[in-house]
Amino acid sequence: MFKIREKEFLSPTIARFVIEAPFIAPKRKPGNFVILRVSERGERIPITLVDSDPGAGTVTLIVQGIGKTTKELLTKNVGDAIPDVVGPLGKPTPIHTNETIVCVGGGVGTAELLPITRALHAAGNIVYSIVGARSRDLIILEQEMAAASDELFMTTDDGSYGRKGFVTDQLRDLLTSRKVDTVYAIGPLPMMKAVSGVTKDAGVKTVVSLNALMVDGTGMCGGCRVSVGGKMRFACVDGPEFNAHEVDFDELIIRNRSYSEHERESVQRFEESHACQARGAEVAP
Amino acid sequence: MSTANALKPSQRMKIPRAKSAEQDAHERACNFLEVALGFSVEQALSEATRCLECKDPVCMTGCPVNVDIRSFLQLMMVEDYAGAVRKIRESNYLPAICGRVCPQETQCEAVCTMGKKHEPVAIGKLERFVADYESLRGLFVPPAGAPQRAEKVAIVGSGPSGLTCAAELAQKGYQVTVFEALHEVGGVLRYGIPEFRLPRTVLDMEIGRVKDLGVEILTNFVVGMTATLDELMDTWGFSAIYLGTGAGSPSFMEIPGEGLIGVYSANEFLTRVNLMRAYAFPDTDTPVRIGKHVAVIGGGNTAMDAVRTSLRLGAEKAYLVYRRSRTEMPARDEEIHHAEEEGVEFLLLTNPLRILGNEKHEVRGMECQRMELGEPDSSGRRKPVPIPGSEFVLEVETVIEAVGQSPNPIVQSTTPGLKTGRKGVVEVGEKQETSRRGVFAGGDLSRGGATVILAMKDGKTAAAAIDEYLNGKRDLVVVAPETAVPQTARS
Ligand SMILES: Cc1cc2nc3c(=O)[nH]c(=O)nc-3n(C[C@H](O)[C@H](O)[C@H](O)COP(=O)(O)OP(=O)(O)OC[C@H]3O[C@@H](n4cnc5c(N)ncnc54)[C@H](O)[C@@H]3O)c2cc1C
Ligand SMILES: Cc1cc2nc3c(=O)[nH]c(=O)nc-3n(C[C@H](O)[C@H](O)[C@H](O)COP(=O)(O)OP(=O)(O)OC[C@H]3O[C@@H](n4cnc5c(N)ncnc54)[C@H](O)[C@@H]3O)c2cc1C
Ligand code: SF4
Ligand code: SF4
Ligand code: FES
């Protein structure tokens, strides 16, 4: 059992958890994730290890409630326990030095990007970051990203904060005004695809972290398979980071819709049962 | 030699082989309850009595772990069923499992003397019977172990290989910890083999027996990531390690259309259903897609399990697509037979060419080609060759590929100096030793895919070698298996 030590909402749908995981904490590297299960009947989902404190034996996760499992996780409080957390999984990010790097984060992807940005910055690279969100209240981790970057640019789709527009607009400007060696982009698939398009035109090496559907996270099911450079790769063990210019984003976008009907049913049931709980009614386990 | 029963051999030969009751084929194709119901006490006694108590019990040579079959059958003849299972457990710590899943027809029962002229003694079903008998009546007593030893041994992977090695070492007095990556214990026995062949309760019971020996099992622990082999030795204080991480990484045919929605590896499909209980969705959270028409590609146990599971999830038509003929199918006879009874349609000598989708990128068909058998290939099996112009489209909404597996990659990629061969198979010597001192390996990891009982055999061999190694005979257990031969792989 993995006990929750701290919980804090960063936005209406995104929360940060600090969880006891004494074996994982000392082993976490930027780019790693865990697979967790929220309940005995729960599914296994991947969540990035944003931070860790080996001394305290804790890890930090930042989770956005989008479906049944993540919404259920957001109902957990300090003192509750998560039954299963396994990791660290995935290949850690190779941390280069002496480069000029742009880190682009969108939505909860910013949380996944933060540990990488920190490590790149700590290794002495020049790091410019771009963080985008749909609107001001969805922006997360602004201060943390600012602290880990030489310069931080904010964008919102509706212009309610920072520059109005998409992260790609800001990225295009940066690529023309400065010499950039590598771009890291993590966020929704359409965003990563758009970034990849921009940097491909500009000829700048780009790394993305792929949110494939996963089950085991150890290379055992092939459910997380993605096409990279025309080859089949398993995101959990060969990734999750890949050369953006080789990724077949369209295939992944389609594959991630595999269970959209199932997910809708699942969320609906969860929200109904939760409404009951809120009213204090008895709910069958 | 004293015989345990009064019947003359000629009389025993007249007794017909007992037939285990089975759930009705139509009914069972809609549920996940066990298909074979096992022997009644009367049937078991009668079947055991058929054994000729051969002076030279050849049956034992057919069993990879040399279960003393004659002795356990003799104990059955005098109705000492608990004694019989204790006898089996001396060489096989998981009898309730092996009695259910061993390919007996190619092993112990294949060589049974009775089988020369008549049907062989139903050794597997009897093994299952005594194990179930003991468990239902609560007669299990843990075998007396050796005195406690100070050394700690780590077992990586809780499949049949790891569990067996753990049980053997615990009985020798070692402090044993099993590390398992998943949240549940059992390896393929848990996530691969379905409940209708191996009920969860049986598996839990056998794992409980291993724990009864004092073995500690840590789930949610990926060796290589949560701790490396070096850390297990240097920081955690383990003196020796056994790797039984299996060959779970699925191969794909690499034909067009594998990125469509509705294409699964058999591993993913079975894991969703068995480990994650997708059959109960939305009461459980893991979904699985099942079309009205399902095609499963392959001819092994994995393919049989996937195709029979499809029926149970509600597929109206389940096809088994195999490019060779029925005689080449590696699956257990019983499973092929059960699949046929349940209404699986076999498309033999048929090879998939590509998977076809609709505008939403969901599977809608699979183009196949007919094959005929040509000259024997290097494996001695006749090679299938395509018949030109025989292409046709099978209308399906789900495609499940069961076309082979290779070793789970994580330990190999995180352990410097661990010698591996083709597809990441860990190379081992005669005593299951690897190229790393104090590290042993076996089961599917070193065989590249085999059977439960061979995985168990390796676990036993390794346990004996680890004991030798820890008793100071380190040089006896050679390091760097330059002479290692790849053990036979199953296709
Ligand atoms: C390596 C990796 C790291 C991740 N890190 C984080 C993180 O730090 N914080 C965070 O909030 N989310 C993260 N995710 C995404 C997270 O796993 C999904 O949001 C979660 O699985 C959705 O589950 P659900 O039941 O709540 O939603 P569902 O109802 O299952 O799905 C809702 C939507 O999420 C997508 N989705 C579903 N399952 C997965 C899955 N297993 N992986 C990816 N997308 C999925 C679906 O396409 C669907 O559109 C990460 C994903 C990956 C692969
Ligand atoms: C669907 C299916 C049906 C089968 N049917 C039969 C049958 O009827 N009869 C038969 O004899 N054989 C059958 N087999 C084959 C048989 O199951 C295998 O040969 C056997 O399970 C191999 O045992 P193992 O212990 O080597 O590995 P596995 O059973 O594969 O167990 C390996 C375990 O190690 C864990 N692991 C992997 N990597 C790590 C890591 N880094 N750290 C910690 N843990 C790790 C895995 O999660 C897994 O639990 C079948 C196989 C399949 C897939
Ligand atoms: S373990 Fe398998 S091969 Fe050995 S006797 Fe039992 S059923 Fe036969
Ligand atoms: S070979 Fe057959 S008949 Fe002979 S002892 Fe073994 S089981 Fe009995
Ligand atoms: S999640 Fe199963 S192989 Fe990657």
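Everything quoted here is computed from the prediction, not taken from an experiment.

Caption draft 1: Looking closely at the packing of aromatic side chains. Counted according to the given criterion, the structure contains 14 aromatic pairs over all chains. For the pair Tyr81 of chain B and Phe129 of chain B, a centre-to-centre distance of 5.4 Å together with 85 degrees between the ring planes defines the contact as edge-to-face. Here Phe129 of chain B lies in helix α10 (residues 123–136) and Tyr81 of chain B lies in helix α6 (residues 81–89), a separation of 48 residues in the sequence. Considered together, Tyr81 of chain B and Phe129 of chain B belong to a single accessibility category, that of buried residues. Ring pairing ties together the aromatic residues Phe23 of chain A together with Phe179, Phe221, Trp236 and Phe238 of chain B, which thus form one cluster. Seen from the ring of Tyr93 of chain B, Arg89 of chain B lies directly overhead, with NZ or CZ sitting 5.8 Å from the centre. The ring centre of Phe196 of chain B lies 3.7 Å from the NZ or CZ of Arg312 of chain B, which sits over that ring.

Caption draft 2: Quick look at the pairing of strand β2 (residues 14–20) of chain A. All names here are of chain A. Most of β2 sits inside the fold, with five of its seven residues counted as buried. Pairing analysis gives six bridges linking strand β1 (residues 2–11) to β2, with the strands arranged antiparallel. Directly across from Glu8, in β2, lies its bridge partner Arg16. Hairpin connection, β1 to β2: the antiparallel pair is bridged by two residues. Sheet topology note: the β2/strand β6 (residues 58–64) ladder contains seven bridges and is antiparallel. When the sheet's bridge partners are listed, Ala15 is paired in β6 with Val63.

Caption draft 3: Structural view of the sheet that holds strand β6 (residues 238–243) of chain B. Residues and elements named next belong to chain B. Read across the open sheet, the five strands follow the order β5-β4-β3-β6-β18; overall the sheet is parallel. Every other strand in the sheet has two partners, leaving β5 (216–218) and β18 (439–441) as the edge strands with one partner each. Recorded for the sheet is a direction-independent mean angle of 20 degrees between the axes of neighbouring strands. Direction of pairing for strand β4 (residues 175–179) relative to β5: parallel, over a ladder of three bridges. Bridging across to β5, Phe179 finds its partner in Leu218. Seen against the sheet, helix α20 (residues 452–470) touches β3 (152–156), β6 and β18 and runs at an angle of roughly 160 degrees to β6.

Caption draft 4: Geometry of helix α2 (residues 109–122) of chain A. Residue and element names in this part refer to chain A. In this model α2 runs 20 Å from its N-terminal to its C-terminal C-alpha over 14 residues, within 8% of the 20 Å that 1.5 Å per residue would give. A bend of about 25 degrees at Pro115 is the largest found in α2. Summarising burial for α2: eleven of the 14 residues are buried, a large majority. Within α2 the residues assigned to the buried category are Gly109, Thr110, Ala111, Glu112, Leu113, Leu114, Pro115, Ile116, Thr117, Ala119 and Leu120. Of the residues trailing α2, Gly124 is marked for its positive phi of about 95 degrees.

Caption draft 5: Spotlight on the domain arrangement of chain A. Residue and element names in this part refer to chain A. In terms of domain boundaries, chain A breaks down into domain 1 (2–89) and domain 2 (100–256). Contact with domain 1, which involves 18 residues of that partner, is made by 20 residues of domain 2. Between domain 1 and domain 2 lies a buried interface of about 1500 Å² when both sides are counted; carbon and sulfur atoms form 68% of it. Looking at the side of domain 1 facing domain 2, the largest losses of area belong to Phe33, Arg44 and Val50, adding up to 25% of the total buried there. One salt bridge connects Asp51 with Arg118, and the closest N-O pair in it is separated by 3.4 Å. At the junction of domain 1 and domain 2, the tally comes to three residue pairs in polar contact (both at pLDDT 80 or more).

Caption draft 6: The arrangement of the site of ligand 2 in detail. Residues and elements named next belong to chain B. Contacts to ligand 2 come from 37 residues, most closely from Val101, Glu180, Arg197, Val223 and Asp444. With respect to ligand 2, the side chain of Asp444 contributes an N or O atom lying 2.8 Å from an oxygen atom. Ala450 places a main-chain nitrogen or oxygen 3.3 Å from an oxygen atom of ligand 2. A total of 1000 Å² of accessible area belongs to ligand 2 in isolation, and the protein chains cover 98% of it. Counting residues per element, the ones that place at least two in the shell around ligand 2 are α11 (160–171), α16 (301–312) and α20. Element by element, the count of residues in the shell around ligand 2 is highest for α16, at three residues. Its residues placed into classes, the shell around ligand 2 shows 17 nonpolar, 15 polar and five charged. Of the domains in this structure, domain 2 (152–248 + 407–470) and domain 3 (260–403) are the two that each give at least three residues to the shell around ligand 2.

Caption draft 7: How the structure looks around the interface of chain A and chain B. On the chain B side, the residues contacting the 43 residues of chain A number 44 residues. When the area that chain A buries against chain B is broken down by residue, the three leading residues are Arg41, Met220 and Tyr259 of chain A, summing to 17%. Across the chain A-chain B interface, the total number found is three salt bridges. A salt bridge links Asp283 of chain B to Arg269 of chain A; the nearest nitrogen and oxygen atoms lie 2.5 Å apart. Counting only elements with at least two residues in the side of chain A that touches chain B, the list comes to α1 (68–74), β8 (84–89), β16 (231–234), α7 (249–255) and α8 (260–278) of chain A. Ranked by residues supplied to the side of chain A that touches chain B, first place goes to β8 of chain A with six residues. Residues of the side of chain A that touches chain B, tallied by class, amount to 15 nonpolar, 13 polar and 15 charged.

Caption draft 8: Examining the environment of Arg200 of chain B more closely. Residues and elements named next belong to chain B. Residue position: Arg200 is located in helix α13 (residues 200–212). On the accessibility criterion, Arg200 (15% relative accessible area) is buried. Along the chain, Arg200 and Arg190 lie ten residues apart, while their C-alpha atoms are 7.6 Å from each other. A polar contact of 3.3 Å, which involves the side chain of Arg200, links it to the side chain of Glu184.

Cut-offs applied
Residues numbered from 1 in each chain as written. Chains lettered and ligands numbered in written order. Predicted model: local features only at pLDDT ≥ 70, side-chain atom pairs only at ≥ 80, totals over all residues. Heavy atoms only, no water. Phe/Tyr/Trp six-rings, centres within 6.5 Å; stacked < 30°, edge-to-face > 60°. Helix = DSSP H or I, 4+ residues; strand = E, 2+ residues; numbered from the N terminus. Buried < 20%, exposed > 50% of the residue type's maximum accessible area, 1.4 Å probe, protein only. Lys NZ or Arg CZ within 6 Å of the ring centre and 35° of its normal. Pairing = 2+ DSSP bridges. Axes fitted to C-alpha atoms, helices over the stretch in contact; angles between N-to-C directions. Contact = heavy atoms within 4.5 Å. Expected span 1.5 Å × (residues − 1). Bend = angle between axes of the 7 residues up to and from the residue. Domains from an automatic or database assignment. Buried area = accessible area lost by both parts, 1.4 Å probe. Salt bridge = Lys/Arg side-chain N within 4 Å of Asp/Glu carboxyl O. Polar contact = N/O pair within 3.5 Å; in protein donor to acceptor, adjacent residues only side chain to side chain. Near = heavy atom within 4 Å. Areas by Shrake-Rupley, 256 points an atom, 1.4 Å probe, with all protein chains shown as cover. Nonpolar A, V, L, I, M, F, W, Y, C, P; charged D, E, K, R; others polar.

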